[in-house]
Protein chains: 2
Amino acid sequence: MYVILVYDMNTKRVGKMLKLCRKYLNWIQNSVFEGELTKVQLENLKAEAKEIMKEGDSLILFKNREQYWLQKEVIGEEKSSIDNFL
Amino acid sequence: MYVILVYDMNTKRVGKMLKLCRKYLNWIQNSVFEGELTKVQLENLKAEAKEIMKEGDSLILFKNREQYWLQKEVIGEEKSSIDNFL
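Computed from a predicted structure; not experimentally measured.

1. Examining the sheet that holds strand 2 (residues 26-29) of chain A
Now for step 1: Pairing is antiparallel across the open sheet formed by 5 strands, whose spatial order is 2(A)-3(A)-1(A)-4(A)-5(B). Since the sheet does not close on itself, it has two edges, and those belong to strand 2 of chain A together with strand 5 (70-76) of chain B, each with one partner. Averaged over all pairs of adjacent strands, the angle between strand axes in this sheet comes to 25°, irrespective of strand direction.
Now for step 2: Examined bridge by bridge, strand 4 (residues 58-64) of chain A and strand 5 of chain B share 7 bridges and lie antiparallel to one another. Considered in strand 5 of chain B, the bridge of S58 of chain A is made with G76 of chain B.
Now for step 3: Those strands touched by helix 1 (residues 11-24) of chain A are strand 1 (2-8), strand 2, strand 3 (32-36) and strand 4 of chain A, and its axis lies near 175° from that of strand 1 of chain A.
Now for step 4: Sheet strands touched by helix 2 (residues 39-52) of chain A: strand 1, strand 3 and strand 4 of chain A together with strand 5 of chain B. Its angle to strand 4 of chain A, the strand with the most contacts, is close to 175°.

2. Brief notes about the pairing of strand 4 of chain A
Two faces make up the sheet, and in a regular strand the side chains alternate between them.
Residue and element names in this part refer to chain A.
Now for step 1: Of all the 7 residues making up strand 4, 7 are buried; the element is thus mostly covered by neighbouring parts of the structure.
Now for step 2: With burial as the criterion, each face of strand 4 is covered, one bearing S58, I60, F62 and N64 and the other bearing L59, L61 and K63.
Now for step 3: As paired elements, strand 1 and strand 4 share 7 bridges and run antiparallel to each other. By the bridge assignment, V6 is partnered in strand 4 with I60.

3. Let's talk about the UniProt feature "binding site: Mg(2+)" (unreviewed entry) in chain A
Residue and element names in this part refer to chain A.
Now for step 1: Residues annotated by UniProt as "binding site: Mg(2+)" (unreviewed entry) correspond here to D8.
Now for step 2: For D8, the location among the structural elements is in strand 1.
Now for step 3: Taking relative accessible area as the criterion, D8 reaches 15% and is therefore assigned buried.

Rules and cut-offs
- Residues numbered from 1 in each chain as written.
- Chains lettered and ligands numbered in written order.
- Predicted model: local features only at pLDDT ≥ 70, side-chain atom pairs only at ≥ 80, totals over all residues.
- Heavy atoms only, no water.
- Pairing = 2+ DSSP bridges.
- Helix = DSSP H or I, 4+ residues; strand = E, 2+ residues; numbered from the N terminus.
- Axes fitted to C-alpha atoms, helices over the stretch in contact; angles between N-to-C directions.
- Contact = heavy atoms within 4.5 Å.
- Buried < 20%, exposed > 50% of the residue type's maximum accessible area, 1.4 Å probe, protein only.
- UniProt positions renumbered as here; feature names shortened; annotations may be inferred.

If you want it as structure tokens, here you go:
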């Protein structure tokens, strides 16, 4: 499935979370990632994220069966090199 | 349409962008917003955002005809009070 992930982490743990998210997804902006994951990959990502996260940290996942349904538009600087326009 | 907005702004301009986004959308995390917008509202939001933005700033919009297609999951602290689980 297609996943958008956004985190809001304490700066102490942000490096770890960035590394984890990059393992599974494409980085598109600051703390925003997107990519195609299997159900198992998503479960693994969530489990690993929970191990890193502490009080006050937050992670939001938007899940979509098909990327097709979601249109992405970037205004201003495109931070990642992945061309993912639909 | 259902819109997810994520911005990455210079701290000098972040306050203005926050205020603008809150005018149109619901704040869900740090620099992440979501909500239902008409085509006209979206165009207005984009035009106003472009007036605030300068070099290095970035805004990503994910647009979906129906919120129904997108499933949201929050791990850790839920920063907004809006209950928007599907």
